[in-house]
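Structural features, examined
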Amino acid sequence: MSATSASNARPRTTAVVLAGGTGQRVGLSIPKQLLKIAGKAVIEHTLSIFQQADAIDDVIVLMAPGFVPDVEKIVIKSGLTKVTRVIEGGATRNETTERAIAALGEGLAEGEDANVLFHDAVRPLLSQRVIQDCVDALDRYQAVDVAIPSADTIIVTRTHGGDGEFITEVPDRSRLRRGQTPQAFKLSTIRKAYAVAGGDPNFQATDDCSVVLKYLPDVPIYVVAGDEYNMKVTQPVDVFIADKLFQLASTAAPAQADEAAYRELLSGRTLVVFGGSYGIGADIAALAERYGASVYALGRSTTGTHVENPEHVDDALSKAYSATGRIDYVINTAGVLRIGKLAETDNTTIQEALNVNYLAPVQIARASYKYLAETKGQLLLYTSSSYTRGRAEYSLYSSTKAAMVNLTQALSDEWAADGIRVNCVNPERTATPMRTKAFGQEPAGSLLSSEAVARTSLDVLLSELTGHVIDVRQQDPTRTASEASGFEQALAAVLDRQEDV
């Protein structure tokens, strides 16, 4: 089997996002790639993945005719700087790919080659691992596909008269794979494959690896292992599944390189922390202050600040702004946990839970808006690991914490044009005074430390993330976070949430 040798200097790598679908199969009047899932258009999720990929130099989008301006607006609004061109796709898949190949050739010197990854816009759950594996494989091979084993038995059928379909063959499932994208190539290889295919009057492409396989049979096509969750949003049910996967999948906030980096980013910034008397809020305040930020830690027991009182919230923000002339980050860790059956809960307890856990964050968000719009800052909220599934005797707590996820997603979309980021931290069971009051002392080592949650919270504040739910979990000492896929982490989180609060 021949393979291209790895070069010392990797050629330019471009991601081509194919967005020519019309959305007819999901019953939409707009292309399915513009459908919103988890608060953002599907194509925005996809483009953001390539924006964050170190191995990708630039991105070209091939968009359905008539909708190029829609994508251009998304690119500008979301700061997707790697997107260099948005081109109208062709009437067929063949024509769309040929337009992409022509665009990719512009600016290359004679004899210069490049890497290209073709990816479906409606696969918004692509992992960074798959992107990197594809680019690495192009150091050795000219063509690369992505596929996963088939869990289902595949059958071959034929139609017999008007009696319907009948099985003619059941292939060996161990040799079958389900193709995904990206499909990666040396530009010279895919260009040559389409040039040869152009001489076939019956040529019609459904994917690009099949073009290489048929018209350049001597070129081996390497297969990179894909991910089960790298699904294609095609049918109506896919919209629901993708939205749930986004809800469950954890997002990692990038940590800063060293202590000096934290000081550089936080020095001169102003943080207002509601719920800052103890626990996670107090630890965030202490960390940020250590790195040079002006911090206003507010709490019922220390400053007499009741988050459920809009006047207290307005007053706290106003004082912080008057003193420093800016507010960069607003954090709300305040909450109450009351355990008991709803039918046996009195009105006072219900009102307290709604006021503190739901209405207070809403009021804090509304009051913070004008300050955060001025600094292009961030609002950080907190949910509970029980937000995906309510539990008996925790109905008020779980439901109000689930609302924080929805509020985060809605506000991140609503405030995107103003440059305000909104995120939500989802810590697993954490050693805080609120938890100790509810459950008493628990076994040592069974809980996440509030300091760990505070550190991750700081990383979220200093990131460009918005609209995300960031899971904070205890690390398995035998396995690093990078070794587990996002889907595996999501599944682990779901299992943990069966017992967590």
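So, a few notes on the structure that sits alongside this text. These numbers come from a predicted model, not from an experiment.

Conventions adopted
Residues numbered from 1 in each chain as written. Predicted model: local features only at pLDDT ≥ 70, side-chain atom pairs only at ≥ 80, totals over all residues. Heavy atoms only, no water. Buried < 20%, exposed > 50% of the residue type's maximum accessible area, 1.4 Å probe, protein only. Helix = DSSP H or I, 4+ residues; strand = E, 2+ residues; numbered from the N terminus. Arc of directions from axis to C-beta. Pairing = 2+ DSSP bridges. Axes fitted to C-alpha atoms, helices over the stretch in contact; angles between N-to-C directions. Contact = heavy atoms within 4.5 Å. Patch = residues over 30% accessible without salt bridge, like charges linked within 9 Å, V, L, I, M, F, W, Y side chains within 5 Å. Areas by Shrake-Rupley, 256 points an atom, 1.4 Å probe, with all protein chains shown as cover. Salt bridge = Lys/Arg side-chain N within 4 Å of Asp/Glu carboxyl O. Core = buried A, V, L, I, M, F, W, Y, C linked by side-chain atoms within 4.5 Å. Parallel < 35°, antiparallel > 145°, perpendicular 65-115°, else oblique. Left-handed = near helix turned anticlockwise from the far one by under 90°. Nonpolar A, V, L, I, M, F, W, Y, C, P; charged D, E, K, R; others polar.

1. Regarding helix 6 (residues 208–215)
Looking only at helix 6, the buried set comprises Asp208, Cys209, Val211, Val212 and Tyr215. Buried residues of helix 6 fall within an arc of 155 degrees about the axis and therefore sit on the same side. Exposed residues pointing more than 90 degrees away from the buried face of helix 6 are listed as Leu213 and Lys214.

2. Comments concerning the sheet that holds strand 16 (residues 421–427)
Sheet strands pair via backbone hydrogen bonds, and the direction of the pair is either parallel or antiparallel. Read across the open sheet, the 6 strands follow the order 13-12-14-15-16-19; overall the sheet is parallel. In the strand order of this sheet, the two ends are held by strand 13 (294–298) and strand 19 (469–472), each with one partner. Neighbouring strand axes in the sheet, compared pairwise and without regard to direction, differ in orientation by 20 degrees on average. Here strand 12 (residues 270–274) pairs with strand 14 (residues 329–332) via 4 bridges, running parallel. Note that in strand 14 the partner of phenylalanine 274 across the bridge is asparagine 332. Against the sheet, helix 10 (residues 310–324) touches strand 12, strand 13 and strand 14, its axis set at about 160 degrees to strand 12.

3. Concerning a nonpolar patch on the surface
Taken together, the side chains of Ile155, Ile167 and Val170 define a hydrophobic patch exposed on the protein surface, amounting to about 280 Å² of accessible area. Looking at the element boundaries, valine 170 is found in the loop between strand 9 (165–169) and strand 10 (177–186).

4. Remarks on the pattern of salt bridges
When their charged atoms lie close together, side chains carrying opposite charge are able to pair. If you walk through the whole model with that rule in mind, you get 21 salt bridges. Note that aspartate 58 is salt-bridged to arginine 12, the shortest N-O span being 3.4 Å. Here arginine 12 lies in the segment before strand 1 (13–19) and aspartate 58 lies in strand 4 (residues 58–63), a separation of 46 residues in the sequence. The class of aspartate 58 is buried, set by a relative accessible area of 8%. For arginine 12, a relative accessible area of 46% corresponds to the partly exposed category. Ionic pairing is found between arginine 129 and aspartate 227, a salt bridge with its closest N-O pair at 2.9 Å. Of the two residues, arginine 129 is situated in helix 4 (residues 128–137) and aspartate 227 in the loop between strand 11 (221–225) and helix 7 (236–248); the sequence distance between them amounts to 98 residues. Salt bridges sharing partners connect three or more residues here, namely Lys36, Glu44, Lys77 and Asp413.

5. Things to note about the pairing of strand 7 (residues 143–149)
When you tally the buried positions in strand 7, you get 6 out of 7 residues, the bulk of the element. The pairing of strand 7 with strand 10 spans 6 bridges and is antiparallel. Residue pairing in the sheet places alanine 143 in a bridge with phenylalanine 185 of strand 10. As paired strands, strand 7 and strand 11 are joined by 5 bridges and run parallel to one another. The residue of strand 11 that forms the bridge with valine 146 is valine 224.

6. Focus on the nonpolar core
In this structure, Ile43, Leu47, Val59, Val61 and Met63 are the most contacted members of the largest nonpolar core, which totals 35 residues. Elements supplying a minimum of two residues to this core: strand 1, helix 1 (42–51), strand 4, helix 2 (68–78), strand 5 (83–88), helix 4 and strand 7. With 5 residues, helix 4 is the single largest residue contributor to this core. If near-sequence neighbours (up to four positions away) are discounted, methionine 63 is found in contact with Ala19, Pro31, Gln33, Leu34, Ile43, Val68, Val71, Val86, Ile87, Glu88 and Gly89. Counting 28 residues, the second largest nonpolar core, distinct from the first, contains Val313, Leu379, Ile420 and Cys424.

7. Observations concerning the packing of helix 9 (residues 279–290) against helix 14 (residues 450–461)
One way to put it is that helix 9 packs onto helix 14 with a least axis distance of 8 Å and a crossing angle of 55 degrees. With respect to helix 14, the element helix 9 is oriented oblique. Here helix 9 runs over helix 14; the crossing is right-handed. Residues Gly279, Ile280, Asp283, Ile284, Leu287, Ala288 and Arg290 of helix 9 form the contact with helix 14, whose own contacting residues are Ser450, Glu451, Val453, Ala454, Arg455, Ser457 and Leu458. When the residues that make up the contact of helix 9 with helix 14 are grouped by side-chain class, the tally is 7 nonpolar, 3 polar and 4 charged.

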